[in-house]
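Residue-level listing of the chains:
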Amino acid sequence: MSYEIRAATIADVATILHHRRAMFTDMGHTDLAAMQRMTAQFEPWLTERMERGEYLAWFATTPEGETAAGAGLWLMDWLPHLLGSAPRRGNIVNVYTEPDHRRRGLARRLVEACVSHCRERGLDLVILHASPEGRHLYETMGFTPTNEMRLELS
């Protein structure tokens, strides 16, 4: 099957929300109340950043127009750092492929679209958080694991 890569628009917010929820579900998150809170908070955040051009997304679609996969790119303001000299970093998020379309290279093509956009805009550092299933793909694309740590404050 031939897939087309297209840029998302503000009209695609519902699909991005669906992909984000499905991604977390696939990673084993089962707390429905937490998922609903996240979605309720993410929707206005996403809409605002898409309107400002700070969140971009791409979809892989079938010839019939079905959305098979998607990936987002958050263009984050970043403090001056030893790594990267640009005032922004690309943060690839919400990479998700619908189950019937997996193992066809769609996630790779979408991440490549995100990275290409960053290169074209002069961003010199791209980050992402990999699920265990996605880690190998990202490593084959040149991403390296880092020493990020997290502290959750309740």
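Residues numbered from 1 in each chain as written. Predicted model: local features only at pLDDT ≥ 70, side-chain atom pairs only at ≥ 80, totals over all residues. Heavy atoms only, no water.

Overview of the sheet that holds strand β5 (residues 126-128)
Formally: Whether two strands pair depends on DSSP finding at least two bridges between them. Secondary structure follows DSSP: runs of H or I at least 4 residues long count as helices, runs of E at least 2 residues long count as strands, and numbering of each begins at the N terminus. Axis definition: a line fitted to C-alpha atoms, limited for helices to the stretch in contact. Angles are taken between N-to-C directions and run from 0 to 180 degrees. We call two residues in contact whenever any of their non-hydrogen atoms come within 4.5 Å of each other.
Here five strands make up an open sheet; going across it, the order is β1-β2-β3-β4-β5 and the pairing mixed. Here the strands that pair on one side only, and so sit at the sheet edges, are β1 (4-7) and β5. Across the sheet, the mean angle separating the axes of adjacent strands is 25° when strand polarity is ignored. The sheet contact formed by strand β2 (residues 55-61) and strand β3 (residues 67-77) spans seven bridges and is antiparallel. Within β3, the position partnered with leucine 56 by the bridge is leucine 73. Sheet strands in contact with helix α1 (residues 13-26) are β2, β3 and β4 (88-97), and its direction is about 75° off that of β4.

Describing helix α2 (residues 32-51)
Here is the rule: An expected span of 1.5 Å times one less than the residue number is assigned to each helix. Bend at a given residue is defined as the angle between two axes, one fitted to the seven residues that end at that position and one fitted to the seven that begin there. Note on classification: 1.4 Å probe, protein chains only; a residue is buried when its accessible area is under 20% of the maximum for its type, exposed when over 50%, partly exposed between these limits.
Taking 1.5 Å per residue, 20 residues should reach 28 Å; α2 reaches 28 Å between its end C-alpha atoms and fits that length. Along α2, the largest kink reaches about 25° and is centred on phenylalanine 42; proline proline 44 follows within four residues of it. Residues Met35, Met38, Thr39, Phe42, Leu46, Arg49 and Met50 constitute the buried set of α2. In this fold, the buried residues of α2 make contact with α1, β2, β3 and β4.

Focus: empty space enclosed by the protein
Filter applied, for reference: Here the term cavity refers to a set of points on a 1 Å grid, laid over the protein atoms alone, in which a 1.4 Å probe fits but cannot get out; the term pocket refers to an open set having protein on both sides within 12 Å along at least five of seven lines, with lining residues being those that place an atom within 4 Å of a point. Grid points are joined across faces, edges and corners, and a volume is the space filled by probe spheres set on the points. Polar here means any residue other than Ala, Val, Leu, Ile, Met, Phe, Trp, Tyr, Cys and Pro, which are nonpolar, and Asp, Glu, Lys and Arg, which are charged; Gly is therefore polar.
Applying the stated criterion to the full structure yields one cavity of 30 Å³ or more. If you go around the largest cavity, the residues you meet are Ile16, His19, Tyr55, Ala57, Phe59, Gly70, Ala71 and Asn94. When contributions to the lining of the largest cavity are tallied by element, the ones reaching two or more residues are α1, β2 and β3. In terms of residues, the lining of the largest cavity owes the most to one element, β2, which gives three residues. The class makeup of the residues in the lining of the largest cavity is five nonpolar, three polar and no charged.

As for helix α3 (residues 106-120)
Between its terminal C-alpha atoms α3 stretches 21 Å, which fits the 21 Å expected from 15 residues at 1.5 Å a residue. Taken residue by residue, α3 has Leu106, Ala107, Leu110, Val111, Ala113, Cys114, Val115, His117 and Cys118 as its buried positions. For α3, the secondary structure elements touched by its buried residues are β1, β2, β3, β4, β5 and α4 (135-140). One or two positions beyond α3, positive phi appears at glycine 122, with a value near 80°.

Focus on unusual backbone geometry
Working note: non-glycine residues mostly have negative phi, and peptide bonds are mostly trans. Residues other than glycine seldom take positive phi values, yet asparagine 94 does so here, at roughly 55°. Within the secondary structure, asparagine 94 sits in strand β4. The buried category is assigned to asparagine 94, whose relative accessible area is 5%. Here arginine 103, not a glycine, exhibits a phi torsion of approximately 65°, which is positive. Turning to its location among the elements, arginine 103 is positioned in the loop between β4 and α3. The exposed category is assigned to arginine 103, whose relative accessible area is 86%.

Some remarks on the pattern of salt bridges
Threshold: Whenever a carboxyl oxygen of Asp or Glu lies within 4 Å of a side-chain nitrogen of Lys or Arg, that contact is scored as a salt bridge.
Inspection of every chain in the model, using the stated rule, returns eight salt bridges. Taking the shortest distance from any N to any O, the salt bridge between arginine 52 and glutamate 48 comes out at 2.4 Å. Its relative accessible area of 36% is what places glutamate 48 among the partly exposed residues. Note that arginine 88 and glutamate 54 form a salt bridge whose closest N and O atoms lie 3.8 Å from each other. Residue arginine 88 is located in strand β4, and its partner glutamate 54 is located in the loop between α2 and β2; the two are separated by 34 residues in the primary sequence. Among the residues examined, glutamate 54 registers a relative accessible area of 16% and is labelled buried. Ionic contacts of the salt-bridge type, sharing partners, join the residues Glu48, Arg52, Glu54, Asp77 and Arg88 into one network.

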